[in-house]
Amino acid sequence: MYVNRLVLAGVAGAVAGLSTPAAASAPDSDAPPRIATPQIVTPDPRGANLAVLFPASPRKPDSPKGEYDIYWPRGGGWGPYQGGGYWMSRYMEDWRNVPRHKGDIFNILKEIPLTRGGVVRLSLNGTMRNWIDYQNNPGLKSTGYQTTVLQRTIAGARVDLGDLFTAYAEVANGLASGHNFNKIPTNQQKDATILQAFGEVHGKALKGYLGLRVGRQDFWDGPLQLATVRENPNIRQMWNGVRAFGLWKDVRVDVFHLYGTTLNDGAFNDPVNHAERLDGAVLGTHIDTGHVGKVKTTLFLDGIYYHYGLNRSWGQTSGRDDRDIYGAYLHGDIGRMALDWSAFRQTGSFAGRAVSAYAVFTKASYLLATSPLQPRIGFRADVASGGGAYGKGTLHDFNFMHGITILTTSNNYLVYTNAVFVGPQASIQPTPRLNLSTEYSHVWRMDDHDAVYNGGTSLAYAGTQNVRGSTVGDIWRAKMDLKLNRHLNWQVNFDRIFAGSVLTRAGFRNESYINSIVTFKF
């Protein structure tokens, strides 16, 4: 593990030295870059015919669908855009017209022409993440400190045939070690797995832009509280199935039929999990809301339906949890105000019992000044229903599917089930590469006959269902995000959990947590 970290440090040093000082400080250009790419020695006689059959249309930076740019980088259900041409989901990266730094050696790995004229093109990507953390009371118990050392490596390849077909494949490896924990889960320690392997047909039709994707893929269409790849573990959430989408000037549609993946020890032995299923549809539109300087601001409104089912436990009962989830998601900007609001209603059944649950997530922030510091203040108020897990009637516990639990705490210690989170947030950008943020949340539970929950699957803090009262505790968080260069990023997260009366009376304690995450990507 220490060798791996030394290797990462060596790679980072090498990357930092790849560009001359002048090149490193040069701003991105709006003009199409001149990129050195490998030349194919043997001419492909089919090249001219392929160019006619699969023409490559010009595209604007980071907005690959031309007239449907409004859905890029936000609003299309493709996951977070990270700037500089990079996406969290690397298959989204189309490097043809994305400005790139001159002298960057990794340019040669993007848009490699496989036929004359570049009709068939190959782009390669890679990510290495090194993570180390420390917590003084793991599980909010006095069991001695715990440290975790994680390393994740992901390699991906995208092949494009004109603008009509894309094939994408991605493999990953995860390593884990540390102090004071029992069993390492397979989503942290994994020799090798196929994260994604799909083909997608797409193009203009029916006065819009349509696409059909089949295979193993990730899924982001919805608020982060319900639909993500679960970025914290070494091995991300993987889905298998079909996804179809359509983009028009004023509306978009996304329809999907997906199954989960069973992770096993070893390499490349992770089959489709037909017991976990996600079906649904998203219907979205957009609203122009003004400008901040010369930048147009937009709100996106999505109507969402999910049908989600899996085998799991609530309280002392295990069985099939099948839910119909209806909701609305409003996100984007109104001038200097950024909004991220969503509301969901869940019905269905669990182990023969009725399900009736709900959640409302609201976050708003305001940019105080358009100065380089970018000072921003905000407020969040999130509610997720609870109750019934330890009874025999209707189950009211909200199932947040595969939402990103680090929205509540960096170590998954409190989650969106039987909980209310309320508190202020603030951020500032001292330099263009450095962002600092902090937040404070007061947490209580909805039903004091139900437990306080933690973890990625709503695990109960044992005994909290037997303690009356509502105050769960308070959370103070601070974060530093530093972009060392276009390939290397360093993030530090600190959380302090102040256990409230419900937790302390059940035998739980305060806890401090800190992690350091270094990510290299190309």
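My aim in this report is to walk through the structure given alongside it, one point at a time. (Residues numbered from 1 in each chain as written. Predicted model: local features only at pLDDT ≥ 70, side-chain atom pairs only at ≥ 80, totals over all residues. Heavy atoms only, no water.)

1. Some details on the pairing of strand S6 (residues 165-179)
Pairing of strand S5 (residues 146-161) with S6 involves 15 bridges; the strand directions are antiparallel. When the bridges of S6 are listed, Val159 appears paired with Ala167. Here S5 hands over to S6 after three residues, with Gly162 in that stretch at a positive phi of 55°. Pairing geometry for S6 and strand S7 (residues 190-205), over nine bridges, is antiparallel. Across the sheet, the residue bridging to Ala169 is Ala197, located in S7. (Pairing = 2+ DSSP bridges. Helix = DSSP H or I, 4+ residues; strand = E, 2+ residues; numbered from the N terminus.)

2. What about a nonpolar patch on the surface?
Judged by side-chain polarity, Tyr134, Tyr145 and Ile514 come together as a nonpolar surface patch covering roughly 270 Å² of accessible area. Within the secondary structure, Ile514 is located in strand S23 (residues 511-521). Judged by its relative accessible area of 36%, Ile514 is partly exposed. (Patch = residues over 30% accessible without salt bridge, like charges linked within 9 Å, V, L, I, M, F, W, Y side chains within 5 Å. Areas by Shrake-Rupley, 256 points an atom, 1.4 Å probe, with all protein chains shown as cover. Salt bridge = Lys/Arg side-chain N within 4 Å of Asp/Glu carboxyl O. Buried < 20%, exposed > 50% of the residue type's maximum accessible area, 1.4 Å probe, protein only.)

3. Notes on the nonpolar core
Burial of nonpolar side chains together is a common tendency in soluble globular proteins. Counting residues in each nonpolar core, the largest one holds 48 residues, and the members touching the most others are Leu278, Tyr306 and Phe398. Of all hydrophobic cores here, the second largest spans 14 residues; its members include Tyr68, Trp78, Tyr91 and Phe198. (Core = buried A, V, L, I, M, F, W, Y, C linked by side-chain atoms within 4.5 Å.)

4. Section: the pattern of salt bridges
Following the criterion strictly, the structure yields 24 salt bridges and no others. The salt bridge partner of Glu93 is Arg90, with a shortest N-O separation of 2.4 Å. There is no split in this pair, since Glu93 and Arg90 are both buried. A salt bridge links Glu111 to Arg121, with the nearest nitrogen and oxygen atoms 2.8 Å apart. With Glu111 in the loop between strand S2 (86-87) and strand S3 (112-113) and Arg121 in strand S4 (residues 120-135), the pair connects residues that are ten residues apart, well separated along the chain. Linked through salt bridges whose partners overlap, the residues forming this network are Asp94, Arg96, Glu111, Arg121, Arg158, Asp160 and Asp163.

5. Description of the environment of Leu283
Here Leu283 shows up in strand S11 (residues 272-292). Separated by 20 residues in the primary sequence, Leu283 and Gly303 have C-alpha atoms spaced 5.2 Å apart. What Leu283 contacts, discounting residues up to four positions off in sequence, is Val251, Arg252, Val253, Leu301, Asp302 and Gly303. (Contact = heavy atoms within 4.5 Å.)

6. Things to note about unusual backbone geometry
Here Leu206, not a glycine, exhibits a phi torsion of approximately 50°, which is positive. The residue Leu206 is located in the loop between S7 and strand S8 (208-217) in this model. You will see that Asn412, though not glycine, has its phi angle at about 65°, which is positive.

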